[in-house]
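Structure assessment
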Amino acid sequence: MKASSAHRLLPFKRFGEAATFDLEVEVSCQCGRCVVIDGMAPAFRDRRIMGTRFRCTTMLPHSVACAGSPSIYIGKRGRWGMTMAEHSRAIRSRQAAPPIDAKPGTFASIVTRCEVAFLYDRDCVPTYTIDMIEFDEPPWNRFLDKPWGRFICPGCGQTLDMHVSHGPGMPGTERFNEVAQAAHGPSATSPGDGRPR
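Residues numbered from 1 in each chain as written. Predicted model: local features only at pLDDT ≥ 70, side-chain atom pairs only at ≥ 80, totals over all residues. Heavy atoms only, no water.

Concerning the sheet that holds strand 3 (residues 34-37)
The strand order across the open sheet built from six strands is 3-2-6-8-7-10, with neighbouring strands paired in mixed fashion. Each edge of the sheet is formed by a strand with only one pairing partner; in this case those strands are strand 3 and strand 10 (161-164). In this sheet, neighbouring strand axes are inclined to one another by 20° on average, regardless of whether the strands run parallel or antiparallel. Sheet analysis places strand 7 (residues 117-121) next to strand 10, joined by four bridges and oriented antiparallel. Looking at the pairing, phenylalanine 118 lines up with histidine 163 of strand 10. (Pairing = 2+ DSSP bridges. Helix = DSSP H or I, 4+ residues; strand = E, 2+ residues; numbered from the N terminus. Axes fitted to C-alpha atoms, helices over the stretch in contact; angles between N-to-C directions.)

Things to note about the pattern of salt bridges
Applying the stated criterion across every chain yields a total of 10 salt bridges. Arginine 77 is the salt-bridge partner of aspartate 22, the closest N and O atoms lying 2.8 Å from each other. Residue aspartate 22 is found in the loop between helix 1 (15-20) and strand 2 (23-28), and its partner arginine 77 is found in the loop between strand 6 (71-76) and helix 2 (84-95); the two are separated by 55 residues along the sequence. A residue is classified by how much of its surface remains accessible, and aspartate 22, at 35% relative accessible area, is partly exposed. For arginine 77, a relative accessible area of 41% puts it in the partly exposed group. One salt bridge in this structure joins arginine 113 and glutamate 115, with 3.0 Å as the shortest N-O distance. For arginine 113, a relative accessible area of 33% gives the class partly exposed. Linked through salt bridges whose partners overlap, the residues forming this network are Arg79, Arg94, Glu134, Asp136 and Glu137. (Salt bridge = Lys/Arg side-chain N within 4 Å of Asp/Glu carboxyl O. Buried < 20%, exposed > 50% of the residue type's maximum accessible area, 1.4 Å probe, protein only.)

Any link to function would need more than the numbers given here.
Printed below as a string of structure tokens:
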């Protein structure tokens, strides 16, 4: 797909804004500790997600504090364990009636292929990932009729990398496995949860 030169700001930048769209912000450290931030808590509601630094205080063996620099993952509440195939089925179900009018080269064309997207920012401190974006849901559906382009981080001002899942028929992908299972019965393989860890 050819990308447009248009750059778009993310549709949220504060913890409270993310929470209103039912998005969770998870802070995850390399030591294995994960904490979900309550975006509506007074201490976080009006703070920017991008650029808010966290320091891990987990006590490691021998009474040494971790002091790591955690990364941030943003995703829809209750969907962390869903596979890409399950996300695709959810999009297909919503688009069954009425389907959206998708012009080629727009974000809506991603929806018509029942694909999900990931956004990655490796320039911000801390780094963050926005998981399993379904562009037919708020807050992303405001871009449906817009030409496909890059998003800009409201923290560092750099463009985010975007990866869109492959469509059905691409060997080695969960959606290929889903189509193959529908045609030939269950497979012995079990797909993962799709989280980029």
